[in-house]
Amino acid sequence: MGILIAIRALKQFKSKTNSSIKREGGDGGKAKRDLEHQITKRNRQFPKIWLTKYSWLKYDDERGIMFCAPCRKHNVDLGENIHNFCSGTDDFKLEFINTHQSSEAHAWATCMEAASTASSNAASAEQMLKSMNSITLGRVENIFRTCHAIAKSGRPFTDLDWMCKLDDMKGVDIGSVFRNDKSARMFIHFIAEVERRALKEKLEKCKFFSVISDGVTDSILKAAAVVYVRFANEGKVHCQIVGVQPVHKPDASAIKNAIEETLQINLQLSLASQDWSRKLVGFGSDGTDVMVGENSRVAKLLREIQPCVQSVHCFAHRLKLAYKGALKNIQLYNILSNVLRSLYYFYRNSPLNKNNLKATYEAIKLRPAVPSRIGGSQWLPRLQTALQILLKGYPAIVLHLSKIERDSRSSNQQKVKGLLHILLRMEIVKFSHFLLDVINVLNILSRVTLDHDSSIADIFATMQSTLETLHMYQTRAGPKERLIETIQHFHGYQLVGNRNISAVRTTVLRNLVKRLRDCFCDASQDVLKATTIGSFKLWPDKIKQEFGEKEVSVLTKHYEVILEAASVKIGEVETEWNMLKIELYNRFQNIQTLTWDVVNSDYSKKYPNILTLVDLILTLPASSAETERGFSQMKLTMMHLHSKLRSESVTDLMIIQMNSPDIKRFDPQKAIHLWNVTWQRKRRLQGGDMMTSERSDYSSEFDLESFCGSD
């Protein structure tokens, strides 16, 4: 037994010895082969003919290495351990040269070399893109399109990572670099920058513009001002977002500074400069106290820059404030609102109650309509719908609630009893009809203010008819209220309580009219009335010789300085107005279907002065459709992005979402060119040093080294 153990131990010792010898021999063999390889490389001569075949290839005689000139110039090094054409290699093989020529590093270096001497015009952009090989261009375009889609849909920047992986699985070639959230932020910035430059170019071409500011309070941005510009060029109206800027103090001066900073940062537009101040004709605000207050309000501060500015409040916001203020202390309204809200949740939270209500509708042969929600951003149409359902479905709702009240087993008996007590009150039924009359009027005004095609003249005319209708309701009942003026029963149910609500009606209507008039408190009433000529909907069916003459005179007098700065011959405006008016009536049978862009296409050279005045009218802040859409879009974006964003990033996202083409029509070439040009400019300023510290400037922090490593 001892002999066997000794033999086994001897075998193990020999095995270890042999393996260590082999290891030493292996290491020595590898070193020997490396030495032979180095000797072979040194003995191999560099064929100078390669320099003529490959224009990018260079040879260093002193060091005996070949290298890629664009890669070294732009320091594009993706970290190859061997055959590194950025630092240089002495391994002179044609296959290595061909491999580098088709590599990712060489593609980016070639792209940057093309951009280093390019200017920002379209021709150089096309030349730069042509110089990129088809593979590189395809990869860049794919990534830019993906980033545009991320921004357009309000998705987080981090989505780029998994979307690139998905493209890999689908066989879409996007390369191996620029695949992380920092890259997404970078490319989105340049896509937005293209839209900013396009907007600035449009503003430089147009003769007038208005500024619109809407305040927003958010857990991320705290308090901020969202700034838009509205302008018209040859009869076409544009309203586009400029940016989002934090407001440090909730006062007029801070808001005005935030507006100026937004214009300066995003468009390099200085309101204080003469070139831009003489173009400013209007200011639209959200109607808050700091905008409309008597002391140092924002509108007043802007009029110090341009005295001709007409200030108009956001009609959608102002309408809501006026409505809430007029009904704030009205007890009947508060009771009715609670009833509508209680009915909605009573049927929403119980499928049994909802189904039984529908069965009741069918039993009395009425079309089923379940009580709906009130409040929220769509507060006006929702309230209108809720009141219509209550009054039309009144017999079914009361019948169903009566059945529940008589059911001793029901857990909702006391709640239902309270609802029935209110629904059978005479003053509640009468006030519901009165309120529906008021809501129907306000809803028409709301539709006009939210219509993208509405001009200031359309809104002002609708506001005037709204005020006159509400004033009429003070002396006589509206169409809904007249249906129940003398009745004691409603849909067969005996009503009890006070029939007289005249005092409440008077209070509501008086307060509402007063508050609605304040929508134009900062604007000249004469100027607003004169804008009627800017809306074909308000033109008379048949020609009237005196139509528009007074209006044209008022407008030219008020905006004389601005019109002269726009090279308008004021002495010829009234003559052109009369001649244009006659030609339009003679040529078109239905004048009210015309649009100003059509008129401009035919008459811009013939009547340039009056059509320039029309552009000024169309430029005045009117529809709140764009600002409302922007506010809703910002809330959706913040809801999807659960990380803290800088105001610059929020601005980029908002600009792409609201100003850029949709995903199908997006062309990334301008953004790609701008990215390359900006990159090269920063690299030249940095002396070619890629490893730079963090900077606040967007483009300066975008370098290849930063974005290659996080696949």
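Note that the coordinates shown come from a computational prediction; the quantities given were computed from them, not determined experimentally.

Examining the overall build of the protein chain
Here is step 1 of the chain: Of the regular secondary structure elements, the protein chain holds 33 helices and nine strands.
Here is step 2 of the chain: A sequence separation of at least 24 residues applies to 71% of the contacts in the protein chain between residues at least 6 apart.
Here is step 3 of the chain: Split by element, the accessible area of the protein chain, about 35500 Å² in all, is 51% carbon and sulfur.

Side note on the environment of C147
Here is step 1 of the chain: Relative to the helices and strands, C147 resides in helix α7 (residues 134-152).
Here is step 2 of the chain: Given the relative accessible area of 0%, C147 is considered buried.
Here is step 3 of the chain: Each C-alpha atom of the pair C147 and R185 lies 8.2 Å from the other, and the pair is 38 residues apart in sequence.
Here is step 4 of the chain: Setting aside anything within four residues of it in sequence, one finds C147 in contact with L160, A184, F187, I188 and I191.

A short note on the pattern of salt bridges
Here is step 1 of the chain: Evaluated as defined, the whole model comprises 18 salt bridges.
Here is step 2 of the chain: Between K249 and D251 there is a salt bridge, and its shortest N-O distance comes to 3.6 Å.
Here is step 3 of the chain: Classification of D251 by relative accessible area gives partly exposed; the value is 25%.
Here is step 4 of the chain: Residue E583 pairs with K606 through a salt bridge whose shortest N-O separation is 2.7 Å. Separated by 23 residues along the polypeptide, E583 in helix α27 (residues 570-587) and K606 in the loop between α28 (596-603) and α29 (608-619) bring together distant segments of the chain.

Brief notes about the packing of aromatic side chains
Here is step 1 of the chain: What the rule picks out here adds up to 27 aromatic pairs.
Here is step 2 of the chain: Note on F46 and F92: the rings are 5.4 Å apart at their centroids and 70° apart in plane angle, and the pair reads as edge-to-face. Taken together, the residues span a long stretch of sequence, with F46 in the loop between α1 (2-43) and α2 (49-53) and F92 in the loop between α3 (69-73) and α4 (94-101) at a distance of 46 residues. No difference in accessibility class separates F46 from F92, as the two residues are buried.
Here is step 3 of the chain: When the ring of F144 is compared with that of F187, the centres are 4.4 Å apart and the planes differ by 40°; the resulting orientation is tilted. Note that F144 is positioned in helix α7 and F187 in helix α9 (residues 181-205), a separation of 43 residues in sequence. Comparing F144 with F187 shows no difference in burial state: the two are buried.

Side note on the side chain of T612
Here is step 1 of the chain: With respect to the helices and strands, T612 occurs in helix α29.
Here is step 2 of the chain: Judged by its relative accessible area of 8%, T612 is buried.
Here is step 3 of the chain: In contact with T612, other than residues within four places in its own chain, are K207, F208 and V568.

Considering the nonpolar core
Here is step 1 of the chain: L401, F431, L470 and Y559 are the most contacted members of the largest nonpolar core, which totals 107 residues.
Here is step 2 of the chain: Considering each element in turn, this core owes the most residues, 13 residues, to helix α20 (residues 426-449).
Here is step 3 of the chain: Excluding its chain neighbours within four sequence positions, the residues that come into contact with L470 are V438, V441, L442, L509, L512, V513 and L516.

Topic: α4
Here is step 1 of the chain: Within the span of α4, buried status applies to F96, I97 and H100. Along the axis of α4, the buried positions cluster into a sector of 100°, meaning they face one direction only. In α4, those exposed residues whose orientation departs by more than 90 degrees from the buried face are E95 and T99.

A word on the pairing of strand β1 (residues 57-60)
Here is step 1 of the chain: In the sheet, β1 pairs with strand β2 (residues 65-68) via four bridges, with the strands oriented antiparallel. Note on β2: the bridge partner recorded for K58 is F67.
Here is step 2 of the chain: Once β1 ends, the chain turns through four residues before running back antiparallel as β2, passing G64 with a positive phi of about 70°.

Here we look at the confidence of the model for the protein chain
Here is step 1 of the chain: Taken over all residues, the pLDDT of the protein chain has a mean of 81, while the share at 70 or more is 79%.
Here is step 2 of the chain: Per-element confidence in the protein chain ranges from a low mean pLDDT of 35 for helix α33 (residues 704-708) to a high of 95 for α29.
Here is step 3 of the chain: Low pLDDT (under 50) marks residues 1-26, which in the prediction has zero contacts with non-local residues, meaning those over four places away or in another chain.
Here is step 4 of the chain: Residue range residues 687-711 is modelled with pLDDT below 50. Its contacts to residues more than four positions away, or to other chains, number 53 contacts.

Comments concerning the packing of helix α15 (residues 331-348) against helix α18 (residues 394-406)
Here is step 1 of the chain: Between α15 and α18, the least distance of the axes is 13 Å, while the angle of their chain directions is 65°. The orientation of α15 relative to α18 falls into the category roughly perpendicular. The element α15 and its partner α18 pack so that their crossing is left-handed. Facing L343, F346 and Y347 of α15, the residues of α18 in contact are I397, H400, L401 and I404.
Here is step 2 of the chain: Residue composition of the contact of α15 with α18, by class: six nonpolar, one polar and no charged.

Thresholds, definitions, all that
Residue indices follow the written sequence of each chain, beginning from 1 at its first position. Confidence filtering applies because this is a predicted model: local features only for residues at pLDDT of at least 70, side-chain atom pairs given and counted only at 80 or more, and all residues used for totals across whole chains, interfaces and linings. With hydrogens and water set aside, each side-chain value is computed from the structure's full complement of heavy atoms. Only runs of H or I of at least four residues qualify as helices and only runs of E of at least two qualify as strands under DSSP, and these elements are numbered from the N terminus. Whether two residues are in contact is decided by their heavy atoms: any pair within 4.5 Å suffices. With residues, only the protein chains shown are counted as cover, and all accessible areas are computed by Shrake-Rupley using a 1.4 Å probe. Only protein chains enter the accessibility calculation, which uses a 1.4 Å probe; a residue whose area is less than 20% of its type maximum is buried, one above 50% is exposed, and one in between is partly exposed. Any Lys or Arg side-chain nitrogen found within 4 Å of a carboxyl oxygen on Asp or Glu counts as a salt bridge. Between rings of Phe, Tyr and Trp, where Trp is taken as its six-membered ring, a pair exists when centres lie within 6.5 Å; planes separated by under 30 degrees are stacked, by over 60 edge-to-face, and by other angles tilted. Only buried residues count toward a nonpolar core. Its members are Ala, Val, Leu, Ile, Met, Phe, Trp, Tyr and Cys residues joined through side-chain atoms within 4.5 Å. This arc is taken over the directions from the axis of the helix to the C-beta atoms. For two strands to be treated as a pair, DSSP must find no fewer than two bridges joining them. On a scale of 0 to 100, pLDDT captures the predictor's confidence in every residue. Between N-to-C directions, angles span 0 to 180 degrees; the directions come from axes that are lines fitted to C-alpha atoms, helices contributing only their stretch in contact. For this classification, under 35 degrees means roughly parallel, over 145 means roughly antiparallel, 65 to 115 means roughly perpendicular, and everything else is oblique. When the near helix sits turned anticlockwise from the far one by under a right angle, the crossing is termed left-handed; a clockwise turn instead gives a right-handed crossing. In this classification, the charged set is Asp, Glu, Lys and Arg, the nonpolar set is Ala, Val, Leu, Ile, Met, Phe, Trp, Tyr, Cys and Pro, and all remaining amino acids, among them Gly, are polar.

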